[in-house]
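Each chain, letter by letter, is given below.
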Amino acid sequence: MVEEKSKSRTCIYNPCEDVLPSEVEKNILDGVSVLLLDGKHIQTACEVASWASVRQIPIVLDCETELLESEFLPSLISLATHLKCDQRFPREYTSSEDLLEGMAILLGQRNERTIIVTLGASGSLLMTQASSLESSNPQVTSYANLMEHVSYFIGTIPPKQHPRCLKTTYVSTLGEMALIYCCPYLLPKEEMVDTTGAGDIFLGSIAFSVLHRMPLERMLPLASYLAGSKCTAVGVAGLPYLHQLPQDLLQYHTTSQ
């Protein structure tokens, strides 16, 4: 439900009984190239994720803060190759005061892992091992330090331009991490109609990027563009078809699957 004046939304969700691991068979992953999990039915999600890991299937996990109390969450996080969450989750899960430090702890030592954090109207972040991307300047040491650079960066971008990225390097006692900041799709306020589902569109776009092995630098701009486009109309009417997307957002390698 969307309140017309403020554009705020209310979602009604009726949870069902959890699907049990015994109700799922391993052949559920036959023909699967990317596994997308949202934390629902978390015990079964862990089981399926373990099967996917053995098959070397990339696992995209959407972590919500309400999962923090689950005993299965650490196992699920350890299996995910791509972890997406909001800015509260890294702080609360790792007990870190600084967002970037929390992201770095979540990243751990797995070279193939990527952490993506959404910042609402402020954009999004992607962190991965420094070896996965070319080293970039400026170097930043905290989230506040990053935002100093971001403020100047956003000021150079006119409205309705495709989302752009600022590549930096996060330096801490945990080592150096490659960090990408992506600005939101800057739409005029009067064009914002309905934000319902924008987060799901963002998550789905991440899975699409993983499936097509898109460069990490392209992952967030595409997700931000699609999430922003969705907000310009009620429901999914604002979403473009694949052939309508700007070609500079669609630089990816085709797969055989």
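Before any of the text, the structure's been laid out above.
It should be emphasised that the depicted structure is a prediction, and the values quoted were computed from it without experimental measurement. Throughout, a residue's number is its position along its own chain's written sequence, starting from 1. The predicted origin of the model limits local features to residues at a pLDDT of at least 70 and limits the giving and counting of side-chain atom pairs to 80 or more, whereas totals for whole chains, interfaces and linings rest on all residues. With hydrogens and water stripped out, all remaining heavy atoms of the structure feed into the side-chain values.

Chemist: Quick question: what am I supposed to make of helix α5 (residues 143-155) here?
Modeler: The periodicity of an α-helix, 3.6 residues per turn, causes residues three or four positions apart to be oriented the same way. Here a strand is any run of E in DSSP of at least two residues, a helix any run of H or I of at least four, and the numbering for each starts at the N terminus. Expected span, for any helix, means 1.5 Å times one less than how many residues it has. Helix length check: α5, at 13 residues, gives a terminal C-alpha distance of 18 Å against a target of 18 Å (1.5 Å per residue), a fit within 8%. Residues of α5 that are buried: Tyr143, Asn145, Leu146, Met147, Val150 and Phe153. Whether two residues are in contact is decided by their heavy atoms, any of which lying within 4.5 Å being enough. Buried residues along α5 sit against α3 (88-94), α4 (99-107), β5 (124-129), β6 (139-140), β7 (165-172) and β8 (175-182). A 1.4 Å probe rolled over the protein chains alone gives each residue an accessible area, and that area as a share of the maximum for its type sets the label: buried under 20%, exposed over 50%, partly exposed in between.

Chemist: So what exactly am I meant to see when it comes to the packing of aromatic side chains here?
Modeler: Working definition: an aromatic ring pair is given by the centre-to-centre distance plus the angle between the planes. Two rings from Phe, Tyr or Trp (for Trp, the six-membered ring) form a pair when their centres sit within 6.5 Å of each other. Planes less than 30 degrees apart are called stacked, planes more than 60 degrees apart edge-to-face, and all others tilted. All chains considered together, the criterion is met by 3 aromatic pairs. Seen from their ring centres, Phe89 and Tyr93 are 5.5 Å apart, and the 10 degrees between their planes marks the pair as stacked. With Phe89 and Tyr93 both in helix α3 and 4 residues apart, the pair spans about one turn of that helix. Classification of Tyr93 by relative accessible area gives partly exposed; the value is 29%. Ring geometry for Tyr185 and Tyr225: centres 4.9 Å apart, planes at 40 degrees, overall tilted. Here Tyr185 is found in the loop between β8 and α6 (198-211), whereas its partner Tyr225 is found in helix α7 (residues 216-230), with 40 residues between them in sequence. You can call Tyr225 buried: its relative accessible area is 11%. Above the ring of Tyr143, the side-chain terminus of Arg91 is found at 5.8 Å from the ring centroid. Criterion for a charge above a ring: Arg CZ or Lys NZ at most 6 Å from the ring centre, at most 35 degrees from the ring normal.

Chemist: What is the right way to look at the sheet that holds β8 in this model?
Modeler: The pairing of strands in a sheet comes from backbone hydrogen bonds and takes either a parallel or an antiparallel form. Reading across the sheet, the 8 strands line up as β1-β2-β3-β4-β5-β8-β7-β6 and stay open at both edges, with mixed pairing between neighbours. The strands lining the two open edges of the sheet, one partner per strand, are β1 (35-37) and β6. Strand pairing is assigned whenever DSSP identifies at least 2 bridges connecting the two strands. Bridge count between β1 and strand β2 (residues 59-63): 3 bridges; the pairing is parallel. By the bridge assignment, Leu37 is partnered in β2 with Leu61. Where α4 meets the sheet, it contacts β3 (82-86), β4 (114-118), β5, β6, β7 and β8, and its direction lies at approximately 45 degrees from that of β5. Strands in contact with α6 are β1, β2, β3, β4 and β5; relative to β2, the strand with the most contacts, it is inclined by about 160 degrees. Inter-axis angles, ranging from 0 to 180 degrees, are taken between N-to-C directions of lines fitted to C-alpha atoms, where helices are fitted over the stretch in contact.

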